[in-house]
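Listed below, chain by chain, are the residues.
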Amino acid sequence: MKIAAPVSSLEEAEMLIHFGADEFYCGFSTPEWQEHFGGQWWMNRRDPSSANILSWQDMSELMALAHQNNIPVHVTLNAPFYPEGALRYMLKLSEKLANELGADALIVSDFNLLMLIRREKFPVGIHLSSLGACFNSFTADFYCSLGVKRIILPRHLTLSEINDLITKADPRMEFEVFGLNDGCFFEEGFCQTTHTLGPFCLTDWEIRASRESEQSKMSGHLDSVREHLWYQNNCGSSFQAQGLPNGPCSLCWFGHFRDWGVKAVKIVGREASFYRKMRSLQMVKAVADEAGKGGSAQEIAEFARSLRNTPEYCQKGYMCYFRESPHKLWRNYAHET
Amino acid sequence: MELAFHIRTPDSQDWADKFQKEMDRLYDGENDWAEDFPLADRIYVGDEFCPNRLPSLSELEGFCALARENALKITLLTPVLTDKELENHSFLFDYLEKWEKGAEIVVNDWGVLLFLKRRNSHKAKLCTPGGVCLSGGRLFNKGFKDPRLGDAEGLALFSSETLGLLNESTFDHPEFQRAMRDLGVSRLERDLLPYGNPVCRSGESGIHPSFYFPFGYVTTGRVCWTASFRQAEGEKFFPAGPCARVCDDLRFELENENLSFRVFQNGNTIFYLYPFSLLSSFIKAAKRENIRLVYQGLN
């Protein structure tokens, strides 16, 4: 299983190579984009200043460094949609990334952009972003027929649904799953809000129930929602005692992912600090290496939980990607251990 | 203009009354669009956001009986489905394909679309007299709908590209329309973009439009805020988790000082209410065009 690590500068790239990243993915926010679209609309859903490569020169150097170390670079072009004017620009940008810089894959979610890139037959792989919302094997087959090489599965599948999907899909399709960091309350493939205005799910709502009798329960429910969101938001962007990052993960399931043929696990957080990226990679690498040794899925899960060393957070369940319903897998596992 | 009502239960007989009352409540009695408003000739059933709101077989039979009694056509809304969910709900497609009148299925998932195309591969076109028509749902249509944008006018004036951001969506692109036609889709379902100037045109590229009112959707997901409302600690916030259909009788209005629109939560989905001026001008224009309006209220 490969580890796909986020990178937003050359310094980070050197560090990530040193600590064993297998693949890079990065955002790109060009000066031309800023000129035409301004700062209120981001090219790939993340803040240009903290989460993106900002110049062609830097992108070129990043590609060269990565390729010298046999690391493929996947460039994220994953706004949910691009209007006509932006599509024209994104197509030119894709051509340059593929033909001149040698990008290995473009991570795309906009269907129209995907179709345009496909038609041009650029020498570059097409990966479907998690925003492409692949929830079943038929969708995987559909995208396979369009030439998509890899699908990044959405956060809000359960473990058994992932197994089902991968087992039934065309075996030519590669799958990547979220491994660590940054949850999302809504399904980002269907969320039509913008991070430019701050995460919509973290809005501090005043809520009125349609039934007066339910209003008294609102405060308690909102407390639960806030707690859940705190876990989803990397436990308030905190670290545990040994300096490893807290936050959503699927580390316990790496043994299953290995057995099911998942191609890559993704460390989320293009905008994360140098330190968080480093510690995230160290943790994911340790668990992926353990899975590579061939232990049972349960042994991998035990290793992951001992490494995290936050049993109270793990026990809560809000930090888990791909949670099964209470009567299924997670509870059974917690009970057994 | 064609009018459809989205209804939730097959025993609904008073949808016209409910529609009037809810519109009066939402718009404080303003209703200058109501003159010469047509009668409904179609019902929408099911749900495009949540599989737990899809009908059982007996409910679907009830909806079809209701449609037959009232000489209405029927459209089934379907959401994104996992492999298991698709398997568990394929009876809905079986039933509609055998139903006597040309039913319609709104699909929001490429996989569901491929599934339907494969099982009907023997037919040259899905939408044939007596056959099932397919429509592309709103989840396919991405556009700018964040209800928190304060200065839409400023953004629109920044450049032609940002103007496009507020006025265009996935469905507008010929590439998408071509793909849909190739998959046998003959209709596309839309919201009014909150900051755009809606264009009311019918049947471009051979694909007919449906427009929903008075709400557009903002965001949705498989982790359901509403389902979690009455659940015990430890049972909340699971993707596609257990559900007691709290949404059948409970909705929420969400308030925040940064909102440009009224915002509501219905089930697992958040909606914005169209401003009266947008709705009114659109309906007046729609009356002159061969388009379908779909009333989808909170109830």
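Heads up: these notes are all about the structure in this document. (Residues numbered from 1 in each chain as written. Chains lettered and ligands numbered in written order. Predicted model: local features only at pLDDT ≥ 70, side-chain atom pairs only at ≥ 80, totals over all residues. Heavy atoms only, no water.)

### A short note on helix α9 (residues 218–232) of chain A
- The terminal C-alpha atoms of α9(A), which comprises 15 residues, lie 21 Å apart, in line with the 21 Å expected from a rise of 1.5 Å per residue.
- Listing the buried residues of α9(A) in full gives A:Met218, A:His221, A:Leu222, A:Ser224, A:Val225, A:His228, A:Leu229, A:Tyr231 and A:Gln232.
- Residues of α9(A) that are buried in the fold lie against β9 (206–209), α10 (234–237) and α14 (311–316) of chain A together with β9 (252–255) of chain B.
- Phi for A:Asn234, located one or two positions after α9(A), is positive at around 55 degrees. (Helix = DSSP H or I, 4+ residues; strand = E, 2+ residues; numbered from the N terminus. Expected span 1.5 Å × (residues − 1). Buried < 20%, exposed > 50% of the residue type's maximum accessible area, 1.4 Å probe, protein only. Contact = heavy atoms within 4.5 Å.)

### Considering the packing of aromatic side chains
- In the structure shown here, the tally under the stated rule is 55 aromatic pairs over all chains.
- When the centroid spacing of 5.5 Å and the interplanar angle of 70 degrees are considered together, the rings of A:Phe142 and A:Tyr143 count as edge-to-face. With respect to class, A:Phe142 is no different from A:Tyr143; both count as buried.
- Between B:Phe5 and B:Tyr295 the ring centres are 5.8 Å apart and the planes differ by 75 degrees, which places this aromatic pair in the edge-to-face class. Of this pair, B:Phe5 sits in strand β1 (residues 2–6) while B:Tyr295 sits in strand β12 (residues 292–295), and the two are 290 residues apart along the sequence. Of the two residues, B:Phe5 and B:Tyr295, neither departs from the other in class, the shared state being buried.
- By the ring-pair criterion, three or more aromatic residues cluster together here, those being A:Phe185, A:Phe186, A:Phe200, A:Trp205, A:Trp230, A:Tyr231, A:Tyr313, A:Tyr318 and B:Phe237.
- Against the face of A:Tyr25 rests A:Lys266, its NZ or CZ located 3.8 Å from the ring centre.
- Sitting over the face of the ring of A:Phe239, A:Arg276 holds its NZ or CZ atom 5.4 Å from the ring centroid. (Phe/Tyr/Trp six-rings, centres within 6.5 Å; stacked < 30°, edge-to-face > 60°. Lys NZ or Arg CZ within 6 Å of the ring centre and 35° of its normal.)

### What about the sheet that holds strand β10 (residues 263–266) of chain B?
- Here five strands make up an open sheet; going across it, the order is β9(A)-β9(B)-β10(B)-β11(B)-β8(B) and the pairing antiparallel. Either end of the sheet is taken by a strand with one partner, and the two such strands are β9 of chain A together with β8 (215–220) of chain B. Geometrically, the sheet is characterised by an average inter-axis angle of 30 degrees between neighbouring strands, direction not taken into account.
- Relative to strand β11 (residues 269–273) of chain B, β10(B) runs antiparallel, the two sharing four bridges. In the strand pairing of β11(B), B:Val263 is matched with B:Tyr272. (Pairing = 2+ DSSP bridges. Axes fitted to C-alpha atoms, helices over the stretch in contact; angles between N-to-C directions.)

### Some points on the pattern of salt bridges
All names here are of chain A.
- Scanning the model with the defined rule gives 46 salt bridges over all chains in all.
- A salt bridge links Arg150 to Glu176; the shortest N-O distance between them is 2.7 Å. Separated by 26 residues along the polypeptide, Arg150 in strand β7 (residues 150–152) and Glu176 in strand β8 (residues 174–180) bring together distant segments of the chain. Like Glu176, Arg150 is buried. (Salt bridge = Lys/Arg side-chain N within 4 Å of Asp/Glu carboxyl O.)

### Examining the side chain of B:Ser228
- Among the secondary structure elements, B:Ser228 is positioned in the loop between β8 and β9.
- The class of B:Ser228 is buried, set by a relative accessible area of 2%.
- Polar side-chain contacts of B:Ser228 include one of 3.1 Å to the backbone nitrogen of B:Phe237.
- Residue contacts for B:Ser228: discarding those within four places in its chain leaves A:His221, B:Lys236 and B:Phe237. (Polar contact = N/O pair within 3.5 Å; in protein donor to acceptor, adjacent residues only side chain to side chain.)

### Things to note about the environment of B:Thr220
- Within the fold, B:Thr220 resides in strand β8.
- Between the alpha carbons of B:Thr220 and B:Leu57 there is a distance of 26 Å; along the sequence they are 163 residues apart.
- Excluding anything up to four places from it in sequence, B:Thr220 contacts A:Phe186, A:Glu187, A:Phe190, B:Phe49, B:Leu139, B:Asn268 and B:Thr269.
- A polar atom in the side chain of B:Thr220 sits 3.3 Å from the backbone oxygen of B:Asn268.

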